[in-house]
Every structure is written in structure tokens, then in C-alpha cells.
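Residue strings, one per chain:
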Amino acid sequence: MTKKLKNWVNPEIPWKNKKNVPKIPPRILIDYATRCNLRCPMCVVWGSEDERKIDDVKGIMDVNKARDLLDIVMKTKPMIQPNLWGEPLLIPELEKVIFDLKSRNIPVVLNTNGLTLTSKICQLFISQKVDSIMFSVDATTAETLKKVRGIDKLEKIKKAVNLLLKERGDTILPRIGVSFTVQDTNKHEKDDFVKEWLGKVDVIRIGLMFDDSIGNYPEMVDMGKRKPCPALYSTLPIHNDGTARICCLDGFRKTNMGNVYKEGLDKVWNGEEFNKARYYHETGQWDKVPFCENCNGWAEFDYQEEVKDNHLIRFSPQYIYYNKIDKLETWTKETLGDHKEPKIKKNNIKKR
């Protein structure tokens with residue numbers, strides 16, 4: 001008996017459906033609190049001038065519903081980032097949220113601006129063995145930070161990074177890094193940024209800026225032939241109301257892939273909307289997925305790497321990572337995300 005094709009499958013287009021979709025996504029982004037203490041011009045959400053749109057996406061996630069979700073995924077232990085379009089240090093009852101995650105042995109990574117970091121929060125992250133914390137710094141001078149982030153508190157952000165480094169001491173976790181998003185207002189400081197932080201933190205991330213008005217990274221080059229976006233097979237972004245989006249870049253909810261609280265995570269992740277999007281990607285029908293049509297973010301994980309100055313440097317059309325080799329032990333399979341294992345052998349890594 002011939003299996004009936006979905007009405008969105010075009011029988012005239014060759015398609016073998018060879019892509020493997022895990023039952024539970026290995027990377028889940030949960031926006032526990034869609035709130036922020038900055039209005040960075042580069043941010044898709046908080047950089048918007050449309051206050052109504054911002055108000056529409058603000059919100060706090062129901063912690064009890066979130067716990068039910070964690071109970072479902074804890075057996076497979078996906079990497080979870082407890083923020084999406086919110087500043088994680090502003091999550092209500094942050095200590096309980098981190099405990100909910102780590103008591104289930106779930107790998108936790110987060111991105112923060114660090115402005116409200118305290119010694120107490122540092123000790124929370126260290127005692128609970130949060131796996132990775134990345135600070136958004138984006139500048140080497142206060143004047144440039146003002147243009148990029150709307151504030152001139154560079155020294156406060158740097159003190160936050162150094163505070164966590166000091167509090168961590170010789171403890172292995174968390175993995176600590178700084179990031180720099182390249183744009184016209186700060187690109188002249190990129191090289192100095194790398195020089196300033198190289199060897200001080202475990203990892204430096206240099207990335208390109210996404211332009212929501214055109215739906216892609218305008219500065220990205222040398223991408224090669226387009227292919228299905230890896231995120232469709234690995235990453236599930238969930239907003240504070242439980243609604244899943246096709247991509248972490250969908251800050252204003254242009255897409256709706258289903259609600260994990262109403263339908264269940266597995267039924268959303270392996271459901272009609274995601275499968276439809278994957279099919280269109282696999283068959284090159286980019287125009288059938290409007291949010292993805294012009295995007296070039298699919299090339300972000302096409303990495304090459306080299307070892308230089310005691311760092312594993314990994315670069316793609318979108319990102320450059322400077323990974324301190326003697327800290328690679330903290331870059332485990334649980335926190336690699338969409339990265340592949342480093343080619344450098346473990347026995348070549350200097351022991352501490």
C-alpha cells in the first residue's frame with residue numbers, strides 16, 4: 001500500500017528524506033524571562049523602535065510548566081540556554097531556575113551582558129556547575145560601546161567578567177567567554193578586542209550582525225552552495241508562553257511551530273510545521289519558508305580550524321572562535337551545540 005503524501009510534498013520534486021531528526025532536539029533555548037536592561041541598537045527585539053511589538057513579546061515563563069518540560073527532556077540531557085531574547089540575570093528566582101536545570105544534570109549555557117552580576121550569582125553558577133557563560137562585550141572603548149549598546153559602562157562589564165574569573169579560580173566550570181558582534185560602529189576595534197582578551201578567558205567569539213530588515217547577515221561572504229539549515233535539526237527556540245519558533249532570530253514571533261505546553265515538545269519538534277520547513281529546505285524551496293528565504297545563517301557551522309598561540313581557532317563564514325587549548329576540557333560534547341568535536345586530540349591538550 002502506497003503511503004499517502006502530505007499535501008505540501010510535491011511528487012514532481014526528487015526527495016529522499018535522508019536527514020535524521022532526533023526525537024528530542026539536542027539544543028533548546030528557553031526564554032524564561034523576555035526582559036532586558038538594555039536597548040542595544042543591534043538587537044532584533046530591544047533595538048526596535050516599535051514599542052507595541054516589544055510589549056507583545058515581553059513576559060515571564062511559568063516555572064511549573066518549565067519544570068514539566070525539563071522532566072520530559074532530562075533523560076536525553078539536551079543543552080539548554082535559559083534565555084533567548086532576555087537577559088538571564090533578570091530571570092525571577094534565578095537560583096531556583098538554575099537548580100531546576102542542574103538538579104536534572106542538564107547542561108546549561110547562557111549569554112549575558114553582565115551588568116547585574118554579583119559575587120552571590122557567581123557562586124551560584126560555580127556551585128551548580130553551570131557549563132558555560134558568555135559575556136557580550138562588543139567594544140574596547142566606552143565611546144564605541146555607547147554606539148553599539150547604548151551605554152558607556154564598559155568597565156562595569158569587564159569587571160563582571162573578571163569577577164567570575166576570580167571567583168571560579170582553579171575550578172573547572174563554568175567555561176567563561178566574551179563575545180564581539182561586528183558592525184560598522186565597532187569593527188575598527190575587533191583586532192584590539194581579540195588581543196585584549198586572548199589568554200584571559202576560555203573562549204572569544206567574534207560574530208556578524210543579523211539584519212532583521214533584510215533577513216540575513218549582510219557581511220557574510222564565501223558561503224558556497226546553499227544547504228538545509230542545521231538548526232532545523234538541532235535547535236528548538238521556545239518563547240515565554242511555550243510557543244516554539246523556527247529560529248532563534250525570530251524575535252517578534254513571525255513564525256509559529258506549535259506550543260510545547262499545549263501539544264508536547266516531541267509533537268512540536270517532530271510535527272507538521274517543522275517537518276514542512278525541513279522538507280522545503282531539503283528540496284531547495286526556500287521561498288516556501290518566508291522567514292528563511294533570504295537567510296544565510298545556514299553557513300554558520302561550516303567550520304575550519306587551526307591551532308595557533310595555544311588556541312584552537314575555529315572559523316566559519318559567520319563566526320570566529322578562539323578556544324584556549326588548556327581549557328578545552330570544558331568544551332564537552334554536552335556544550336558543543338552544533339559544533340563538531342575539535343580535531344585536536346585530547347592527548348595533545350596540556351594537562352593542568
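First, a word on scope: everything that follows refers to the structure included in this document. (Residues numbered from 1 in each chain as written. Predicted model: local features only at pLDDT ≥ 70, side-chain atom pairs only at ≥ 80, totals over all residues. Heavy atoms only, no water.)

**Notes on the nonpolar core**
Right, on to step 1. Formed by 97 residues in total, the largest nonpolar core has its most connected members in Tyr32, Leu117, Phe125, Phe135, Val178, Ile246 and Leu265.
Right, on to step 2. No other element matches the six residues that helix H6 (residues 154–168) contributes to this core.
Right, on to step 3. Leaving out residues up to four positions away in the same chain, Phe125 has contacts with Leu89, Leu94, Ile98, Leu110, Leu117, Val130, Ile133 and Pro174.
Right, on to step 4. Listed in part, the six residues of the second largest apolar core include Met134, Val203, Phe301 and Tyr321. (Core = buried A, V, L, I, M, F, W, Y, C linked by side-chain atoms within 4.5 Å. Buried < 20%, exposed > 50% of the residue type's maximum accessible area, 1.4 Å probe, protein only. Helix = DSSP H or I, 4+ residues; strand = E, 2+ residues; numbered from the N terminus. Contact = heavy atoms within 4.5 Å.)

**Concerning the side chain of Asn323**
Right, on to step 1. Looking at the secondary structure, you find Asn323 in strand E12 (residues 319–324).
Right, on to step 2. Separated by 2.6 Å, the side chains of Asn323 and Arg175 make a polar contact.
Right, on to step 3. If we ignore the near neighbours within four places in the chain, the residues touching Asn323 are Arg175, Asp202, Val203, Asn310, His311, Leu312, Arg314, Leu328 and Trp331. (Polar contact = N/O pair within 3.5 Å; in protein donor to acceptor, adjacent residues only side chain to side chain.)

**A short note on the pattern of salt bridges**
Two side chains bearing opposite charge may form a pair once their charged atoms approach each other closely.
Right, on to step 1. The final tally for this structure, using the stated rule, is 19 salt bridges.
Right, on to step 2. Between Arg104 and Asp71 there is a salt bridge, with its nearest N and O atoms 2.8 Å apart. Of this pair, Arg104 sits in the loop between helix H3 (94–102) and strand E5 (109–112) while Asp71 sits in helix H2 (residues 63–73), and the two are 33 residues apart along the sequence.
Right, on to step 3. Between Arg253 and Asp241 there is a salt bridge, and its shortest N-O distance comes to 3.6 Å. With Arg253 in the loop between strand E9 (235–238) and helix H8 (260–263) and Asp241 in the loop between E9 and H8, this pair connects stretches of sequence that are twelve residues apart. (Salt bridge = Lys/Arg side-chain N within 4 Å of Asp/Glu carboxyl O.)

**What about unusual backbone geometry?**
Right, on to step 1. Following Leu173, the chain continues into Pro174 via a peptide bond in cis, with omega recorded as 0 degrees.
Right, on to step 2. Considering the arrangement of structural elements, one finds Pro174 in the loop between H6 and strand E7 (175–182).
Right, on to step 3. Within the chain, Asp138 stands out as a residue other than glycine whose phi angle is a positive 70 degrees.
Right, on to step 4. You can see Asp138 is positioned in the loop between strand E6 (132–136) and helix H5 (142–149).
Right, on to step 5. Relative accessible area serves as the criterion here: at 1%, Asp138 is assigned to the buried category.

**Focus on the pairing of E7**
Right, on to step 1. In terms of burial, E7 is largely enclosed, as seven of its eight residues are buried.
Right, on to step 2. With six bridges joining them, E7 and strand E8 (residues 203–208) adopt parallel strand pairing. Paired with Gly177 across the strands is Val203, a residue of E8.
Right, on to step 3. In terms of handedness, the path from E7 via helix H7 (residues 190–197) over to E8 forms a crossover that is right-handed. (Pairing = 2+ DSSP bridges. Right-handed = clockwise from strand over helix to strand, strands pointing away.)

**Concerning the pairing of E6**
Right, on to step 1. Counting buried residues in E6 gives five out of five residues, a clear majority hidden from the surface.
Right, on to step 2. Where burial is concerned, the two faces of E6 agree: the one with Ser132, Met134 and Ser136 and the one with Ile133 and Phe135 are both buried.
Right, on to step 3. For the handedness criterion, the β-α-β arrangement of E5, helix H4 (residues 119–127) and E6 is classed as right-handed.
Right, on to step 4. Relative to E7, E6 is paired through five bridges, and the arrangement is parallel. Its bridge partner being in E7, Ile133 is matched across the sheet by Ile176.

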